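# Examination of the molecular architecture
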Amino acid sequence: MTDEHVLTWEITGTGGYETAWVTLSGTGLRARGRVMALRPRPYWMTYELETGQGYVTRRLRVTSETVAGTHRLDLRRDGGEWTADGKPLPELDSALDCDLGMSPLTNTMPALRHQLHTGPGEREFLMAWVSVPDLTVRPARQAYTHVGPTGRGSRVRFTSGDFAEDIEFSREGLVLTYPGIGHLLRTD
């Protein structure tokens, strides 16, 4: 079964917007997105994301443009080994997911994989975190904990270091509201 969605979030954290064309198929996800942001400085960004079975990241390609120039990233996970623009990232070898900074979309993969949007559970992850707009990749420890149902889906507590927020997911596992980051304006 394949589900296709067009999602638009207001990204309050950057004063911008993100639109993503998302295809969920079995236990995989494909997406392409466009971002317009004003903070910390204005930037445009495009991305393509592909996962394998279990919503495990295969590839994230990103281009960001600022007044200072253009940044590109080709982040890949192949057989458990990560590379950024062909350079090995051994500190990420146990990571399954990428996390594109200020994007609600990439929080979907770990929640879907472990069904944290549908029932009790708590999981800790090592993520390949991508800062924007410079596209630097760093390891980041994150935890997701199912909090409970809402009228539209469920809440899952996200923590990383001292940061914690309750993300609201739809019944399909897509981010509806991520306090401090953004909220869904429209889905088709």
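Throughout what follows, the structure given in this document is the object of discussion. (Residues numbered from 1 in each chain as written. Predicted model: local features only at pLDDT ≥ 70, side-chain atom pairs only at ≥ 80, totals over all residues. Heavy atoms only, no water.)

Pairs may arise between side chains of opposite charge once their charged atoms sit close together. This model, assessed by the stated rule, comprises 8 salt bridges. Here Arg30 ties to Glu50 by a salt bridge, and the two come within 3.4 Å at their closest N and O atoms. Linking Arg30 in strand E3 (residues 28-37) with Glu50 in strand E4 (residues 43-51), this pair joins segments that are 20 residues apart in sequence. A salt bridge links Arg113 to Asp97; the shortest N-O distance between them is 2.4 Å. Pair noted here: Arg113 is in helix H1 (residues 108-113) and Asp97 is in strand E9 (residues 97-100), with a separation of 16 residues, a long-range link. The class of Arg113 is buried, set by a relative accessible area of 18%. Through salt bridges with shared partners, a single ionic network connects Arg30, Glu50 and Arg58. (Salt bridge = Lys/Arg side-chain N within 4 Å of Asp/Glu carboxyl O. Helix = DSSP H or I, 4+ residues; strand = E, 2+ residues; numbered from the N terminus. Buried < 20%, exposed > 50% of the residue type's maximum accessible area, 1.4 Å probe, protein only.)

How two aromatic rings sit relative to each other is set out by the distance from centre to centre and by the angle between their planes. The tally for this structure, following the rule as stated, stands at 5 aromatic pairs. Where Phe125 meets Tyr144, the ring centres are 5.6 Å apart and the plane angle is 80°; that geometry is what we call edge-to-face. In this pair, Phe125 sits in strand E10 (residues 122-130) while Tyr144 sits in strand E11 (residues 137-149), placing the two residues 19 residues apart along the sequence. The residues Phe125 and Tyr144 share a single accessibility class, namely buried. Ring geometry for Phe158 and Phe163: centres 6.0 Å apart, planes at 65°, overall edge-to-face. Each member of the aromatic cluster is reached from another via a ring pair, and the members are Phe125, Tyr144, Phe158, Phe163 and Tyr178. One Lys or Arg, Arg32, reaches over the ring of Trp21 and ends 4.8 Å from the middle of that ring. (Phe/Tyr/Trp six-rings, centres within 6.5 Å; stacked < 30°, edge-to-face > 60°. Lys NZ or Arg CZ within 6 Å of the ring centre and 35° of its normal.)

Before going further, it helps to spend a moment on the pairing of strand E13 (residues 163-170). With 8 bridges joining them, strand E12 (residues 153-160) and E13 adopt antiparallel strand pairing. Across the sheet, the residue bridging to Arg157 is Asp166, located in E13. Counting the residues that bridge the hairpin from E12 to E13 gives 2 residues, and of these Gly161 lies at a positive phi of roughly 60°. Of the strand pairs in this sheet, E13 and strand E14 (residues 175-178) are connected by 2 bridges, and their pairing is antiparallel. Considered in E14, the bridge of Phe169 is made with Val175. Connecting E13 to the next strand, E14, in antiparallel fashion are 4 residues, including Gly173 with a positive phi near 95°. (Pairing = 2+ DSSP bridges.)

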